[in-house]
Number of protein chains: 2
Amino acid sequence: MPSQHAAKPVVDQIISARWVIPVRPRVLLHHHALAIKQGRIVAIGPRDEIHAAYTAADNTTLDQHVLMPGFVNAHTHAAMTLMRGLADDLPLMTWLNEHIWPVEGRFVSPEFVSMGTELAIAEMLRGGTTTFNDMYFFPEAAAQSAQNMGMRAHIGHVIIDFPTAYAANADACLQAAADLLPCLQQMPLIRQSLAPHAPYTVADAGLRGTRELAEAEQLPVHMHVHETAHEVEESLAQHGRRPLARLAELGLLNPRFLAVHMTQLDADDLTICRDSGLHIAHCPESNLKLGSGIAPVARIREQGIGVAIGTDGAASNNDLDMLGELRTAALLAKGFSGDPTAFPAWEVLEAATLGGAEAIGWGDLTGSLEPGKTADCIAISLDHPATFPVYDPVSQVAYCAGRDQVTHVWVNGQIRIRRGQAVDWEEQALFSRAQAWVKRIRDKDQNT
Amino acid sequence: MPSQHAAKPVVDQIISARWVIPVRPRVLLHHHALAIKQGRIVAIGPRDEIHAAYTAADNTTLDQHVLMPGFVNAHTHAAMTLMRGLADDLPLMTWLNEHIWPVEGRFVSPEFVSMGTELAIAEMLRGGTTTFNDMYFFPEAAAQSAQNMGMRAHIGHVIIDFPTAYAANADACLQAAADLLPCLQQMPLIRQSLAPHAPYTVADAGLRGTRELAEAEQLPVHMHVHETAHEVEESLAQHGRRPLARLAELGLLNPRFLAVHMTQLDADDLTICRDSGLHIAHCPESNLKLGSGIAPVARIREQGIGVAIGTDGAASNNDLDMLGELRTAALLAKGFSGDPTAFPAWEVLEAATLGGAEAIGWGDLTGSLEPGKTADCIAISLDHPATFPVYDPVSQVAYCAGRDQVTHVWVNGQIRIRRGQAVDWEEQALFSRAQAWVKRIRDKDQNT
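No experiment lies behind these values; they were computed from the predicted model shown.

Peer 1: With reference to specific residues and values, describe the pairing of strand 8 (residues 190-196) of chain B.
Peer 2: Most of strand 8 of chain B is tucked away, with six of its seven residues classed as buried. In this view, the connection linking strand 7 (residues 152-159) of chain B to its parallel neighbour strand 8 of chain B by way of helix 5 (residues 170-185) of chain B has right-handed handedness.

Peer 1: Could you give an account of the side chain of Thr117(A), naming the residues involved and the relevant values?
Peer 2: Structurally, Thr117(A) is set in helix 3 (residues 110-126). Residue classification places Thr117(A) among the buried positions, given a relative accessible area of 0%.

Peer 1: Let's hear about the UniProt feature "domain: Amidohydrolase-related" (unreviewed entry) in chain A: which residues, and what values?
Peer 2: When the UniProt feature table is mapped onto this chain numbering, "domain: Amidohydrolase-related" (unreviewed entry) sits at residues 66-415 of chain A. Helix makes up 43% of residues 66-415 of chain A and strand 18%, and the two end C-alpha atoms of the span are 16 Å apart.

Peer 1: Give me the layout of surface pockets: which residues, what numbers.
Peer 2: Counted as a void, the largest pocket has a volume near 1,100 Å³. Around the largest pocket, the lining is made up of 42 residues, and of these Arg126(A), Asp404(A), Gln421(A), Arg126(B) and Asp404(B) lie nearest the centre. Secondary-structure elements contributing two or more residues to the lining of the largest pocket are helix 3, strand 14 (406-411), strand 16 (421-422) and helix 15 (427-446) of chain A together with helix 3 (110-126), strand 14 (406-411), strand 16 (421-422) and helix 15 (427-446) of chain B. Classifying every residue of the lining of the largest pocket gives nine nonpolar, 16 polar and 17 charged.

Peer 1: I'd like a description of the UniProt feature "binding site: substrate" (unreviewed entry) in chain A, backed by residues and values.
Peer 2: Residue and element names in this part refer to chain A. Following the UniProt record, one finds the feature "binding site: substrate" (unreviewed entry) at Glu104, His197, Glu227 and Asp312. Overall, His197 belongs to the buried group, its relative accessible area being 19%. Setting aside chain neighbours within four positions, we find His197 in contact with Met135, Ile159, Ile160, Val202, Met223 and His224. If you trace the backbone, Asp312 turns up in the loop between strand 12 (306-309) and helix 12 (322-337). Judged by relative accessible area, Asp312 falls into the buried class, the value being 4%. Residues contacting Asp312, with those up to four places away along its chain left out, are His75, Thr76, His77, His261, Cys283, Ser286 and Leu320.

Peer 1: Any details on the domain arrangement of chain A? Residues and values, ideally.
Peer 2: All names here are of chain A. By the assigned domains, chain A splits into domain 1 (10-69 + 377-411) and domain 2 (71-359). Averaged C-alpha coordinates put domain 1 and domain 2 at centres separated by 30 Å. At the interface, 23 residues of domain 1 touch 29 residues of domain 2. For the domain 1 and domain 2 pair, buried surface summed over both sides reaches about 2,100 Å², with 68% attributable to carbon and sulfur atoms. It is Arg26, Tyr399 and Val411 in domain 1 that bury the most area against domain 2; as a group they hold 32% of the surface buried on that side. Inspection of the domain 1/domain 2 interface yields three salt bridges. A salt bridge links Asp319 to Arg403, with the nearest nitrogen and oxygen atoms 4.0 Å apart. Counting across the interface, domain 1 meets domain 2 through seven residue pairs in polar contact (both at pLDDT 80 or more). For the side of domain 1 that touches domain 2, the secondary-structure elements that each account for two or more residues are strand 4 (55-69), strand 13 (377-381), helix 14 (393-399) and strand 14.

Peer 1: Kindly report on the relation of the copies chain A and chain B, identifying the contributing residues and their values.
Peer 2: For the pair chain A and chain B, the best superposition has an RMSD of 0.0 Å and corresponds to a rotation of 180 degrees with a translation of 0.0 Å parallel to the axis. On this basis, the relationship between the two copies can be described by a two-fold rotation axis. Proximity to the rotation axis, assessed at the C-alpha, singles out Asp404(A) in chain A; its C-alpha lies 3.1 Å from the axis. The fraction of interface residues of chain A whose copies in chain B are also interface residues reaches 100%, indicating that both copies meet through the same surface.

Peer 1: Got a sec to walk through the pattern of salt bridges? Specific residues and values, please.
Peer 2: Taken as a whole, this structure holds 46 salt bridges over all chains when the rule is applied. For Arg327(B), the salt bridge is made with Asp319(A), and the minimal N-O distance between the two is 4.0 Å. Here Asp319(A) lies in the loop between strand 12 and helix 12 and Arg327(B) lies in helix 12 (residues 322-337), a pairing that spans two chains. Asp319(A) carries the same exposure label as Arg327(B), and that label is buried.

Peer 1: Quick one: what's the story with the nonpolar core, residue by residue and with numbers?
Peer 2: With 260 residues, the main nonpolar core has Phe112(A), Phe257(A), Phe112(B) and Phe257(B) as its most contacted residues. Apart from the residues within four sequence positions on either side, Phe257(A) is in contact with Val221(A), Met223(A), Val225(A), Leu247(A), Leu252(A), Leu278(A) and His279(A).

Peer 1: Requested: an account of the packing of helix 2 (residues 92-107) of chain B against helix 15 of chain B, with residues and values cited.
Peer 2: All names here are of chain B. Between helix 2 and helix 15, the shortest axis-to-axis distance is 10 Å and the interhelical angle comes to 125 degrees. By the criterion of interaxial angle, the relationship of helix 2 to helix 15 is oblique. Of the two elements, helix 2 crosses helix 15, and the hand of that crossing is right-handed. The residues of helix 15 that touch helix 2, namely those facing Glu98, His99, Pro102, Val103, Arg106 and Phe107, are Trp437, Arg440, Ile441, Lys444 and Asp445. Residues that form the contact of helix 2 with helix 15 fall into these classes: five nonpolar, one polar and five charged.

Peer 1: Would you mind going over the sheet that holds strand 13 (residues 377-381) of chain B in detail, with residue names and values included?
Peer 2: Two modes of strand pairing occur in sheets, parallel and antiparallel, and in both the strands are linked by backbone hydrogen bonds. Residue and element names in this part refer to chain B. One open sheet accounts for eight strands, arranged 3-2-1-4-13-14-15-16; its pairing is mixed. Each having just a single partner strand, strand 3 (40-46) and strand 16 make up the two edges of the open sheet. Strand direction decides the pairing type here: strand 15 (residues 414-418) and strand 16, joined by two bridges, are antiparallel. Within strand 16, the residue paired with Arg418 across the bridge is Gln421.

Peer 1: Summarise the environment of Glu249(B); cite the residues concerned and give the values.
Peer 2: Residues and elements named next belong to chain B. Structurally, Glu249 is set in helix 8 (residues 243-249). Taking relative accessible area as the criterion, Glu249 reaches 57% and is therefore assigned exposed. The sequence separation of Glu249 and Asn287 amounts to 38 residues, and the corresponding C-alpha distance is 27 Å.

Peer 1: Describe the interface of chain A and chain B, and please don't skip the residues or the numbers.
Peer 2: The partner chain B presents 61 residues to the 61 residues of chain A that form the contact. Ranking the residues of chain A by area buried against chain B places Asp89(A), Phe388(A) and Tyr391(A) at the top, with a combined share of 17%. Joining chain A to chain B, the criterion identifies four salt bridges. For the interface between chain A and chain B, the tally reads 28 residue pairs in polar contact (both at pLDDT 80 or more). For the side of chain A that touches chain B, the elements supplying multiple residues, two or more each, are helix 3, helix 10 (284-289), helix 12, helix 14 and helix 15 of chain A. It is helix 15 of chain A that contributes the most residues to the side of chain A that touches chain B, eight residues altogether.

Peer 1: Describe in detail empty space enclosed by the protein, supporting the description with residues and values.
Peer 2: Rolling a probe over the atoms, with the probe sized like a water molecule, indicates the empty space that remains. For the coordinates displayed, the defined rule picks out five cavities of 30 Å³ or more. Estimated volume of the largest cavity: approximately 390 Å³. Considering the residues around the largest cavity, the lining is formed by 28 residues, among which Asp321(A), Gly324(A), Asp321(B), Gly324(B) and Arg327(B) are closest to the centre. For the lining of the largest cavity, the secondary structure elements donating two or more residues are helix 10 and helix 12 of chain A together with helix 12 of chain B. Residues that form the lining of the largest cavity fall into these classes: nine nonpolar, six polar and 13 charged. Computed from the structure, the second largest cavity encloses a volume of approximately 70 Å³. In terms of lining residues, the second largest cavity is bounded by Ala87(A), Asp88(A), Asp89(A), Leu90(A), Trp95(A), Lys289(A), Leu290(A), Ala315(A), Lys334(B) and Pro340(B).

Peer 1: Outline unusual backbone geometry, listing residues and values.
Peer 2: Residues and elements named next belong to chain B. In this model, Arg24 is joined to Pro25 through a cis peptide bond whose omega is -5 degrees. With respect to the helices, strands and loops of the structure, Pro25 is situated in the loop between strand 1 (10-20) and strand 2 (29-37). Following Phe388, the chain continues to Pro389 via a peptide bond in cis, the omega torsion being -5 degrees. Here Pro389 lies in the loop between strand 13 and helix 14 (393-399).

Peer 1: So what about the sheet that holds strand 2 (residues 29-37) of chain A? Which residues, and what values?
Peer 2: Residues and elements named next belong to chain A. The strand order across the open sheet built from eight strands is 3-2-1-4-13-14-15-16, with neighbouring strands paired in mixed fashion. Edge positions in the sheet fall to strand 3 (40-46) and strand 16, since each has one partner strand and no second. As paired elements, strand 4 and strand 13 share five bridges and run antiparallel to each other. Looking across to strand 13, one finds that His65 is bridged to Ser381.

Peer 1: A description of a nonpolar patch on the surface should follow, citing residues and the corresponding values.
Peer 2: Together, Met93(A), Trp101(A) and Phe162(A) give the surface a local cluster of nonpolar side chains, amounting to about 280 Å² of exposed area. Inspection of the secondary structure puts Met93(A) in helix 2 (residues 92-107).

Rules of the game
Residues numbered from 1 in each chain as written. Chains lettered and ligands numbered in written order. Predicted model: local features only at pLDDT ≥ 70, side-chain atom pairs only at ≥ 80, totals over all residues. Heavy atoms only, no water. Buried < 20%, exposed > 50% of the residue type's maximum accessible area, 1.4 Å probe, protein only. Helix = DSSP H or I, 4+ residues; strand = E, 2+ residues; numbered from the N terminus. Right-handed = clockwise from strand over helix to strand, strands pointing away. UniProt positions renumbered as here; feature names shortened; annotations may be inferred. 1 Å grid on protein atoms, 1.4 Å probe; cavity = no way out; pocket = protein on both sides within 12 Å on 5 of 7 lines; lining within 4 Å. Points joined across faces, edges and corners; volume = space filled by probe spheres on them. Nonpolar A, V, L, I, M, F, W, Y, C, P; charged D, E, K, R; others polar. Contact = heavy atoms within 4.5 Å. Domains from an automatic or database assignment. Buried area = accessible area lost by both parts, 1.4 Å probe. Salt bridge = Lys/Arg side-chain N within 4 Å of Asp/Glu carboxyl O. Polar contact = N/O pair within 3.5 Å; in protein donor to acceptor, adjacent residues only side chain to side chain. Least-squares fit on C-alpha atoms with pLDDT ≥ 70 in both. Core = buried A, V, L, I, M, F, W, Y, C linked by side-chain atoms within 4.5 Å. Axes fitted to C-alpha atoms, helices over the stretch in contact; angles between N-to-C directions. Parallel < 35°, antiparallel > 145°, perpendicular 65-115°, else oblique. Left-handed = near helix turned anticlockwise from the far one by under 90°. Pairing = 2+ DSSP bridges. Patch = residues over 30% accessible without salt bridge, like charges linked within 9 Å, V, L, I, M, F, W, Y side chains within 5 Å. Areas by Shrake-Rupley, 256 points an atom, 1.4 Å probe, with all protein chains shown as cover.

And the structure:
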């Protein structure tokens, strides 16, 4: 660092906090600070040293807070916030056939996706999520909403055989993806993936097309896999093999493949996962709520397979709260394995941040507080009855902090949430705009 | 109701809300109000009719809110908030032997219990809990804290064979309970129970003594039962029968018996539960976190057995958040049974309110909004990105509202939380007083 007598380098901002959890390395830092310039972390160090070494016009001091990387929500259908709570406590096929699909068939459009995604981003940023990995129709609308609201997003181009308002079949989906790629590449906060919906909704032809486009454009692939036992049974009947084995044969599995849900895993499946280097997005609350099954996270982690955490869409969760989700993941891993040491606090915080970033190929850019990475970070105040006393800040974040304790959120160094309030938009205005959609969806649902 | 021309009866306050969920009957009311006098609900009806029929100096209008009964936390060790996060992610016996018991052995005292219980009440009231069912040492201190802070509490006199700072053995515990009963009966917000710790920590003699005192004084009994498979195996080895069968033979099981945890239940156990009329306190997060097992709530409910919901102590949960706990209960029941219709929103809200009240023999007094019952009620604002849109307020409370959305809390008609802030105490002052304890506990724990 330069001496104090030389002119100090100027950075854009310095954020200091009582505790810093950089995630990588796995250390708890006391009274440390981040120096940030042009959206990137320049340095991280003891508060006094950072202030001695750098000067900034914008200084934030957070004396009761944990400063840590923002959460990476590894699986969302953001626009489905417009259907949150429309139909709960129903069997899966009733929920889909009688509620979700009729509403989607009638209303899904770029405007619907923009509105729903804006609501989702408003919720996610307030809860400390700085990146989300999305799969839905009209991905260009979701990407534009994220870019406009200053949220980092990995946008999946959905691929599905059956006709939707978005495209007629898998070929048309692949064509739409190829057409949109250059446009979304212009958006600085956006990266893209291909998102074949599931093994049972995309035939071999569409999956081969996915692999070809993914290889040609170096795109990650994001897909629901082994969500339910029924899916596995159906594949055995139809294809003579389990879905994961079929995807392996089609050449789709590699470290750029993110398999979502994965509640049904036998020993061979785990070997395929490990050998291919794929990542798994664990969505415990959605899996529980729909009665789909429970991913064996302790066994998955024993194999060294990368685990990320996602909320799934608000229609099946019903929130986009990563603090809640990571807590459920931590508790469920222990309860399901019977081992109270499974998925401990440090590991679950890593899965919800760096694990998610690595799962979508963004480990170079976000998910931990390290010099050179983007300043995607959040502050969580521990000054709350639910997090008193503080013997261990890592434990408090993992096991008791609520989304309301997220006070500050920065994406790419830009402040998005300050003292719990959105900086650039009025939530009431968002709700007002959305009400017209809500009324139409309610009327349609009640008359289906 | 009296005509508008006659002098209107005067009540203390009228609370009206956009939505009212009285719990019993199971209806959702729109634009309704409660009239409250001397801590009791006088009437519930459409807002305009209540205002036409009654006059009150104190009127509260909650236009974005659900008004509902406060939560009944059916199992707590409130004072253990002082040990929250002290030791996580450890095997049960390491956690107990190397952390919790040494700290308890060194520090537990009336002053410790007062301090820890005050912290717990501050957290519970902010999260919408209006009654808690406690089991800990020095119950007179916990009772006094609840009475002082205006919180309703069911205080269990702990009974345990091994010597503690509180008493030398089960006989001494029973004597302490008998001695304290008249004193605690003077506290209007307090009722009492006997709380034998667990089948493996109280021998037959202590359990017979418990039954005799419970019968003589008409007291409910509150006990950990079938928390782990190990407990059941040990009982089979030592007593030749499962713990529940042993308790039945000792004459303890009846509708005034609350069995906490109950993760291990075979068909005979379920029959014993059903035939005895006992209630079960389900503590899903504690059971998961300690890897104890998962109570089969769907099967329990099929038998018509009463289910309440509890958080357990903050050292094993790690929060006292009933909204979080009821959500975990709802999700886990579906995930564990594979049935997405299990433990639906209405039923889980009932378990977290009226189910808890009935489990502790307070169903006549609290747990639902009905004329004649006490005004123990809470308001939850749905004006939040996580609960937008509102197709179904019951679903929004069960599946997405956070504890931070609890804006108002009344116990016995007295406001305890207003716009999210404690009315009668400063949280910072509580934390300051507690810091001396925290320092001593940390020093002891690090030197054990």
